[in-house]
Structure formats: structure tokens, C-alpha cells
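# Close look at the chain arrangement
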Amino acid sequence: MRRFIYPEDYRGYDMIRVAAVEACGRALSQDTCRFRVARAVAFVLLFLLAVPLLLGSAFGVSPAAVLALIGSTLLLQAAAAVVALSLGMHPVVVLVFLTSVAAAVLVGILEVCDLFAGRSRMVQGLLSKIDAKTGSIDYLKRYGALMLIPVIWIPGIALYGTPVVAWAFQYPRRVSLLCMLAGWAIAILVVMAATMGLVRLAF
């Protein structure tokens, strides 16, 4: 088994310890990799399929329509709220539905990044360089994760690029997930408000 960069190799860097960097401090055994992959797959399946199908069953949406809406969310992202509303789903259900799918995508991407970093010296070195440049900027340490809220609104980055940004800047996992999901929820609410004519009524 190939050995990896240990923490002592990063003397002089004030590393922000998150899962991706912790993985650099040890060799990932095959059992560890299998466990992490199985855990990530279980989480993704739960929030990508199980929760949406349960919501669809509870509100009279057919499994075929649920699967179509999941596909729309992966393709259209927050704009899939328009499709959900057209199916007659309540706005609160739409918010929970699309947020569940987003959580599955975000966690899945973060886990893939972690596993890739644990087996790539080049990625480990890139993480240490990013930390060396940003670690001395106090406001980034304290509030940097908050930038993920507007970043997830940016076309071309949005749901798929934002977790990579959070991972590259080594923001704490729970905080970054909360910020990304908050930004996602805001985007959905804006789309639903526009769709339902609330924005036009307000102005």
C-alpha cells in the first residue's frame, strides 16, 4: 500500500483540519475505503431516492413523476422548482424535495473529493498551498464559508462546483454544508416566488 504525506510534512502551515486533510495524514486501507464509499453511497441513495419517493407517496405524486423531478433537479437545479410546482406539489414539499436531492449531490461530491485527496500527493500539495495562502487571512477563516451561500447561485458553479470550492478551501464540513444548503434553499424560494407571481405582486 502506498504511503501518503503525514502532518509533519506540513510544518509551517496552519492546516485547517477537515476530512480531506486528515486523510492525507494516514494511509487509507482497502477496508477504510470500502467503508467510506459504502457510507457515502447509502447517504446519497437515502436523500436522492428514498426521501423524494416517500414525499411523492405521501402527496400523491407517482414514482415516475418523482424520478422525472429528480432528473430535472440534477439537470435544471433550482429551476426544477417550476417543474415541481407544475405537478401540483405544495411549495414546502418542493423545498424539502429539492433540498434532499441537493444534500445527496453535495455530500457525494465532497466524499469523492476526500477519497481522491487521500490517494493523490499532487492534490494534497495543492490543498496545502491553498491553506498557506488563505490561512493568514483572518476573515476567511472566520467567515469564508458564508461565501458559499451566494456562490451556489452562480450558473456554471451552482450545485456541482460549490462543494468543490468548499472542499478546496477546507471549510469545516458541517458549516459548509449548512451554508450551501441555505444558499440552495434561498435560490429555490426565489424561483418559486417568481413562478407564483409573488415578485410581480410585490413590485
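Rules used throughout
- Within any chain, residue numbers begin from 1 and follow the written order of that chain's sequence.
- Two thresholds apply to this predicted model, a pLDDT of at least 70 for residue-level local features and 80 or more for giving and counting side-chain atom pairs, whereas whole-chain, interface and lining totals are computed over all residues.
- To obtain the side-chain values, all non-hydrogen atoms of the structure were included, while hydrogens and water were left out.
- Each helix is a run of DSSP H or I of at least 4 residues and each strand a run of E of at least 2, with the numbering of both proceeding from the N terminus.
- Summary of the burial criterion: residues with accessible area below 20% of their type's maximum are buried, those above 50% are exposed, and those between are partly exposed, where the area comes from a 1.4 Å probe applied to protein chains only.
- Two residues qualify as a contact provided that any one of their heavy atoms is within 4.5 Å of a heavy atom in the partner residue.
- Each accessible area is a Shrake-Rupley estimate made with a 1.4 Å probe; only the visible protein chains count as cover when residues are assessed.
- Exposure above 30% relative accessible area and the absence of a salt bridge qualify a residue for a patch, where like charges join within 9 Å and nonpolar side chains (Val, Leu, Ile, Met, Phe, Trp, Tyr) within 5 Å.
- The rule for a salt bridge is simple: a side-chain nitrogen of Lys or Arg has to be within 4 Å of a carboxyl oxygen of Asp or Glu.
- Each pair of aromatic rings taken from Phe, Tyr and Trp, with Trp reduced to its six-membered ring, is defined by centres within 6.5 Å and is described as stacked if the planes are under 30 degrees apart, edge-to-face if over 60, and tilted in the remaining cases.
- Working rule for helices: expected span equals 1.5 Å times residues minus one.

### Some details on the overall build of the protein chain
Across its full length, the protein chain holds 11 helices and zero strands. Order of helices (α) and strands (β) in the protein chain, N terminus to C terminus: α-α-α-α-α-α-α-α-α-α-α. Per-residue burial over the protein chain gives 45% buried out of 203 residues. Long-range contacts, defined as pairs at least 24 residues apart, comprise 72% of the intrachain contacts of the protein chain with a sequence gap of at least 6. Working note: accessible area of the protein chain is about 10,800 Å², and carbon and sulfur atoms make up 70% of it.

### Some remarks on the environment of valine 61
Counting through the fold element by element, valine 61 comes out in the loop between α2 (30-58) and α3 (63-76). Once residues within four sequence positions are removed from consideration, valine 61 is found in contact with Gly56, Val66 and Met89.

### Notes on a nonpolar patch on the surface
A grouping of Val37, Val41, Leu45, Leu49, Leu53 and Leu67 is seen on the molecular surface, where their side chains present a nonpolar patch of about 460 Å² in accessible area. Looking at the nonpolar patch, the element that brings in the most residues is α2, giving five residues. Relative to the helices and strands, leucine 67 resides in helix α3. For leucine 67, a relative accessible area of 47% corresponds to the partly exposed category.

### Observations concerning the packing of aromatic side chains
Scanning the entire structure with this criterion turns up two aromatic pairs. Geometrically, the ring pair formed by phenylalanine 43 and phenylalanine 47 is tilted, given 4.5 Å between the ring centres and 35° between the ring planes. Of this pair, phenylalanine 43 and phenylalanine 47 are both found in helix α2, four residues apart, which corresponds to roughly one turn of the helix. Under the relative-accessibility criterion, phenylalanine 43 is labelled partly exposed at 28%.

### As for helix α10 (residues 173-195)
Between its terminal C-alpha atoms α10 stretches 33 Å, which fits the 33 Å expected from 23 residues at 1.5 Å a residue. The complete set of buried residues in α10 reads Ser176, Leu177, Cys179, Met180, Gly183, Trp184, Ala185, Ala187, Ile188, Met192 and Ala193. In the stretch just after α10, glycine 197 is the one whose phi turns positive, near 85°.

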